[in-house]
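# Overview (structure and organization)
For reference, the chains in residue letters:
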Amino acid sequence: SDVCSSDLVTEAKVAEDALRLSEARLRDYAETASDWYWETGPDDRFTFLSSRLKSFGMDNTARLGKTRRELASDVDEDPAKWDEIEALVARREPFRDFVYRTGLPGEERVGVYCSVSGKPVFDAVGNFLGYRGTARDVTAVIQAEEKLREAKTTAETASAAKTSDRKSTRLNSSHGYISYAVF
């Protein structure tokens, strides 16, 4: 009987250690694959935001109970994007790399671009419980892309102006005629 009890305790300890290792592994994957992670309820309101959000200048507790749309600052700029993500969520489909701008007044950083991915969560009998997912701060990437577009536009405008100037440059010919040089 003592041997049986000892074996059960040992098995329980091994199972507990394995569970602890598995949880640590999962937490490590989540933290390295994203900047923070989140959960919403069936009403699409945030029920959990990891505390790592604070390290990005955003208040995780101020965001609880709000929807992504309520936290977004680009809804009016691109309503079609928001209609599309909300339709996808209404169909309970997973989504990947949905990018939007967010920021609450009074936060350290306003106008942060987030890329979020989420997966619907269901209970054992199929009831929809909400979404669980990850998010990354992609502000630096978005800003670099904007600067690149601006530089390209500036270069194209300068190139077009230079080409236009070349086409309209008048040259005096030795025969007294005026002609236009086209390069």
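It should be noted that the structure appears before, not after, this text.
To start, this report covers the structure provided alongside it. Because the structure is predicted, anything quoted here is derived from the model rather than measured.

### Looking at the overall build of the chain
Scanning the chain from terminus to terminus reveals five helices and seven strands. Traced from its N-terminal end to its C-terminal end, the chain shows the element sequence α-β-β-α-α-α-β-β-β-α-β-β. Buried positions account for 30% of the 183 residues belonging to the chain. A sequence separation of at least 24 residues applies to 40% of the contacts in the chain between residues at least 6 apart.

### Section: the side chain of S117
Residue placement: S117 occurs in strand 4 (residues 112-122). Residue classification places S117 among the buried residues on the basis of a relative accessible area of 10%. Only 3.0 Å separates the side chain of S117 from the backbone nitrogen of D97, close enough to count as a polar contact. Every residue in contact with S117, bar those within four places of it in the chain, is listed here: W38, F95, R96, D97, R132, G133 and T134.

### Focus on unusual backbone geometry
We note that R92 has phi near 60°; this positive angle belongs to a residue other than glycine. Of note, R92 is situated in the loop between helix 4 (79-90) and strand 3 (95-102). Positive phi, close to 55°, is recorded for D97, a residue that is not glycine. Residue D97 is classed as partly exposed on the basis of its relative accessible area, which comes to 41%.

### What about the sheet that holds strand 5 (residues 128-137)?
Spatial ordering of the open sheet is given by 2-1-5-4-3, a layout of five strands whose pairing is antiparallel. Taken across any chain shown, the strands that pair with only one partner, and hence form the sheet edges, are strand 2 (46-49) and strand 3. The sheet shows a mean angle of 30° between the axes of neighbouring strands, taken without regard to direction. Along the sheet, helix 4 makes contact with strand 3 and strand 5, crossing strand 3 at roughly 135°.

Scoring rules and cut-offs
- By convention here, each chain's residues receive numbers from 1 onward along its written sequence.
- The predicted origin of the model limits local features to residues at a pLDDT of at least 70 and limits the giving and counting of side-chain atom pairs to 80 or more, whereas totals for whole chains, interfaces and linings rest on all residues.
- Note: side-chain values were computed over all heavy atoms of the structure, leaving out hydrogens and water.
- Runs of H or I in DSSP of at least four residues are treated as helices and runs of E of at least two as strands, each being numbered from the N terminus.
- Exposure is judged per residue with a 1.4 Å probe applied to protein chains only, and the accessible area is read against the type maximum: over 50% gives exposed, under 20% gives buried, and values in between give partly exposed.
- Any two residues whose heavy atoms approach within 4.5 Å are treated as being in contact.
- In protein, a polar contact requires one atom able to donate a hydrogen and another able to accept it; more generally it is a pair of N or O atoms within 3.5 Å, and residues adjacent in sequence count only if both atoms are side-chain atoms.
- We call two strands paired when DSSP finds no fewer than two bridges between them.
- Here the axes come from fitting lines to C-alpha atoms, over the contacting stretch only for helices, and the angles between their N-to-C directions go from 0 to 180 degrees.

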